[in-house]
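Overview (structure and organization)
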Amino acid sequence: MLTLLLSRAGGGKTTAVLERLSAAAAAGEDRLTLLVPEQFSFTSQKQMLARLSAMAAARIDILSFTALA
């Protein structure tokens, strides 16, 4: 499912996405994907590991556009 979160800068879009992914991974859902720009992939992985256990964070594929291709 594709969900678009639209808001102005500082509106909480990133926080909302991370919270939704964290909740889904903690609930045991598989095949979760977060598509981010190239320069944001490492930061996103660090944020997920800070929020979740390593096992739950492993359920989330964080891909850049290059890695997706």
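See the structure above.
These remarks concern the structure in this document. (Residues numbered from 1 in each chain as written. Predicted model: local features only at pLDDT ≥ 70, side-chain atom pairs only at ≥ 80, totals over all residues. Heavy atoms only, no water.)

The subject of this paragraph is the packing of helix H1 (residues 13-26) against helix H2 (residues 41-51). The description of two packed helices rests on the angle between their axes and on the distance between the axes. Running from N to C, H1 and H2 point in directions that differ by 50 degrees, and their axes come no closer than 11 Å. The orientation of H1 with respect to H2, classified from their angle, is oblique. In this structure, H1 meets H2 at a crossing whose hand is right-handed. Contacts between H1 and H2 involve Thr-15, Leu-18, Glu-19, Leu-21 and Ser-22 on the former and, on the latter, Gln-47, Met-48 and Arg-51. Tallied by class, the residues present in the contact of H1 with H2 amount to three nonpolar, three polar and two charged. (Axes fitted to C-alpha atoms, helices over the stretch in contact; angles between N-to-C directions. Helix = DSSP H or I, 4+ residues; strand = E, 2+ residues; numbered from the N terminus. Parallel < 35°, antiparallel > 145°, perpendicular 65-115°, else oblique. Left-handed = near helix turned anticlockwise from the far one by under 90°. Contact = heavy atoms within 4.5 Å. Nonpolar A, V, L, I, M, F, W, Y, C, P; charged D, E, K, R; others polar.)

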